[in-house]
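# Per-entry structural report
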Amino acid sequence: MSWFSWLFTLRLCSAPSLLLVGLLGRQLGLRVGFQVIHTATCSRWGTADDQGLFQKGDVVLGGLFSLYYKPPAMNHDFTQQPQNKPCTGLQNLPLQYVYAMVFALEEINHSTTLLPGVKLGYHIRDSCALPLWAMQGALSLVGGDNPSCDSTDPPDYSAGYGEEIRKKRGDQPVPMIIGGSSSKAAKILSRILGPLSMSYTASCPCLSDRRQYPNFFRTMPSDIYQARAIAQLAIRFNWTWIGAVVANNDYGHVAIKVFQEETQGAGVCLAFVKTLQRERIVSDARQAALAIQASTAKVILVFSWYTDVRELFLQLDKINVTDRQFLASEAWSTSGDLLQHPVTSKVAKGVLGVAIRSSAITGFENFIRNLNPIHRPNDTFLREFWEKMFGCSPEATSPSTYASSSSSHADRLLLKASLPPCSGTESLEGVHNHFTDISQLRVTYNVYLAVYAAAHALHILLSCPNRGNSPRNNSSTCSSPKHIKPIELMQHLNNMNFTTPQGEKFYFQEGDTTAKYDLVNWQNSPEGSLKLVLIGRVDGFDLHLNESAIQWSTGSNQVPASVCSESCPPGTRKANRKGEPLCCFDCIPCAEGEISNQTNSLHCERCPSEFWSNAEQNACIPRQLDFLSFNETLGITLTTVAVSGVAVTTAVFVVFLYYRHTPMVRANNSELSFLLLMSLKLCFLCSLVFIGRPSVWACRFQQAAFGISFVLCVSCLQVKTIVVLAAFRSARPGAGALMKWFGPGQQRGSVCLFSSIQVGVFICVIWLSLSPPVPQADLDIPGLKVTLECAMASVVGFSLVLGYIGLLACTSLLLAFLARKLPDNFNEAKLITFSMLIFCAVWIAFVPAYVSSPGKYAVAVEIFAILASSYGLLFCVFAPKCFIILLRPEKNTKKHLMAR
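Keep in mind that what you see is a predicted model, and the values were worked out from it rather than measured.

Each value, and the rule that gives it
- Residues numbered from 1 in each chain as written.
- Predicted model: local features only at pLDDT ≥ 70, side-chain atom pairs only at ≥ 80, totals over all residues.
- Heavy atoms only, no water.
- Patch = residues over 30% accessible without salt bridge, like charges linked within 9 Å, V, L, I, M, F, W, Y side chains within 5 Å.
- Areas by Shrake-Rupley, 256 points an atom, 1.4 Å probe, with all protein chains shown as cover.
- Salt bridge = Lys/Arg side-chain N within 4 Å of Asp/Glu carboxyl O.
- Helix = DSSP H or I, 4+ residues; strand = E, 2+ residues; numbered from the N terminus.
- Buried < 20%, exposed > 50% of the residue type's maximum accessible area, 1.4 Å probe, protein only.
- pLDDT = per-residue confidence, 0-100.
- Contact = heavy atoms within 4.5 Å.
- Pairing = 2+ DSSP bridges.
- Expected span 1.5 Å × (residues − 1).
- Arc of directions from axis to C-beta.
- Polar contact = N/O pair within 3.5 Å; in protein donor to acceptor, adjacent residues only side chain to side chain.

It is worth spelling out a nonpolar patch on the surface at this point. Taken together, the side chains of Leu814, Phe817 and Leu818 present a nonpolar region at the surface, about 310 Å² in accessible area. Note on placement: Leu814 falls in helix 24 (residues 795–818). Owing to a relative accessible area of 52%, Leu814 belongs among the exposed residues under this scheme.

Rendered as structure tokens:
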């Protein structure tokens, strides 16, 4: 690539600012020259007021921490003189992170197995929680910083990486920076510094993309894992209706996206999603609180920073919402400020959250308690903490130290000159705050791990395993502490696997660490405040939870419910509500004959034909066989009517038998009358065969008895009608021989002939032989009870039986109708006419009633038709005769009967 010369005209003299341009030019293979135009005064834009905490060593590791939270007013106009003021508001917990790094380095320096003969130093700076200052601090650590900005000779930055400056100051470049306290700062440092940064708190999933950030490492798990853990909690406790309040940035948006992906298909829905913007936190928190109040969701997921959550709790307290169960992300689940806030105990009891895993560091407590600015005279961070903690000024600082400090720092010391000198008895032994509290080392332990990871990678890089080989091989495998290449260090970080002093296995997976979290619960303490209780842990994708140790928002051990719709019990199915999420549904009972045996079934399954659903619609049970029995009311009634018919018929038979020599009996062909009474008795009796449990022989005998008895009965009536017609015809001149051809023998033969056609041809021979009725359950009729009936295997056979009976009945009716006006005082043809009319009417009505009647009621219809037609014949034919015989004996004479 050809070389170009670029000319930059800048009004800045900051070494890191010029170094950034030098780095970019060097990466592009360009030669970059600078021409600095001096203004009246020259100062460094955005530069911290001191050089941080420094300790020399063979290899110096950099550190970037957000120690201060109140940045000064910044002037971004490069043409104006920037304000050179320090950050203020020293934070205790980040200060603990600083000394975790110092402690780890001192522990490694005293180790005989890790980096023997190599002393590790450190250069720690404050980023003031600003990505721009983090970038400036990182570039200063990499390339050096020139404390004097008043030189008239412009320095030559084209030499690259600030080597000339470092030679003047006596410091050396750092091969790695432990820092980037936020994901935003980590992304900036990763872009600029390449393989030189390792973050201890950056959790953005985007940083796991090795294509964009191939050289990024971190000891903090990706937010994807904590979102997955919270999703597992929601599924485990059957929370299907959850509200969400998230930060309006990548932290919140990515987390809620992962949560939805993990719960997809598990029936979990979001009732609402509200965002919190730092610039308008009060109004956003107010809207989120109102959404929580209006929603039926009892579980609220919050992915945001603890200061945003504090404002949300304040708004919830104003509208008196105190019955919600909160799920916390690691950003606020262990916040001491929230735990100690009086509002929190009212609105956020029983919080269940994911926290950065905690681990003890052996010896760290003694290290913290023994810190004293007297023993660390150049430690500006510790000196400021001491002044803030004890309200006195340490006397250990020498005048030379003050002189070497920057002007702004000297101003700070002058402002505190009014503080009384410390007595020397001050100690951290009795101090209790975030700095001295080591009960739960979370981010602190991440810093500790990052230092050890860097040390082990350096150990592999500097150990020279092939020292006995050729010099050329030695040059490729060995490195000097003064000439460490970050790219080589990165390669060893990728392949590194070690055990910490605490016995934990540690390694990187594509720059990420294994996901390990603590599960914490906010519980009431005896003093009335809230305390943090460890209830489980997350190891990768495995969730280990002690459910019995959880104290919920209700104050009990009962898991709170949070559903849009209650679960559909067995026996019902889910029906989604139109226009609402899938978690909102109605429970529809299963139809008859269908069941659902699981909770929240989407469909009801139909039972097999031999089974039916129980009353709860959750199981199929065998269908009960139902038939017309003698024990039920209908069966008893029909039996009584049938037996009564037999009794009445028998009584008539006895009367006729007793008065068989009277004219009334003899005039109406007593032999046919007795045969008719016998056939009527059979008709009544055959109805009893239809009652009771159907069997194979019962089914065959039913229709045979029915067909034979009624054919015999109708045949007798037809012959009697023919006899009447023949008797009157024979009375005419020239017809005297007619009765000779139709005497008693012919009458018996005619009855036998008409009956034999039914018995021999249709029933016995054809129907009952080829396709007889069989007992069969009618499974097509819905219901638990299924009718056991005699199924007509051949409808044609049954139709022929009825058709033949109907043919004889119609013939008898026609003949009787023709003989109704014969000149007799007692004309039997009239009685037969009425009986046949009733008989035909009954059986015409029987057909549609039989077809439309379900189950056993069809059998009852047939029995009713048999009994009705039998009673019709009995009363129409024999009632008038019995009336005369028993009540009007004077009319029972031949003279009276023959009178016209």
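Turning our attention to the confidence of the model for the protein chain. The share of residues in the protein chain with pLDDT of 70 or more is 80%, and the mean pLDDT across the chain is 80. When the criterion is pLDDT under 50, residues 1–49 qualifies, and its contacts beyond four places in sequence or with other chains add up to 102 contacts. Ignoring residues within four places in sequence, the model shows residues 396–408, a span with pLDDT below 50, making 13 contacts including any to other chains.

Consecutive side chains of a regular strand alternate in pointing toward one face of the sheet and then the other. For strand 18 (residues 516–524), a buried count of 7 out of 9 residues is recorded, marking the element as mostly surrounded by other parts of the structure. Sheet topology note: the strand 18/strand 19 (residues 530–539) ladder contains 9 bridges and is antiparallel. Bridge assignment links Gln523 to a residue of strand 19, and that residue is Lys531.

This part covers helix 7 (residues 250–263). Here helix 7 contains 14 residues, and its C-alpha end-to-end distance of 20 Å stays within 8% of the 20 Å for a straight helix at 1.5 Å per residue. All of the buried residues along helix 7 are Tyr251, Gly252, Ala255, Ile256, Val258, Phe259 and Thr263. End-on, the buried residues of helix 7 take up no more than an arc of 160°, which puts them together on one face. Tucked into the core, helix 7 has its buried residues touching helix 6 (223–236), strand 11 (241–247), strand 12 (269–276) and strand 13 (299–303). Its side-chain oxygen 3.1 Å from the backbone nitrogen of Tyr251, Asn249 forms the N-cap of helix 7.

With that settled, consider the environment of Cys568. Of note, Cys568 is situated in the loop between strand 20 (542–545) and strand 21 (572–576). The class for Cys568 is buried, based on a relative accessible area of 0%.

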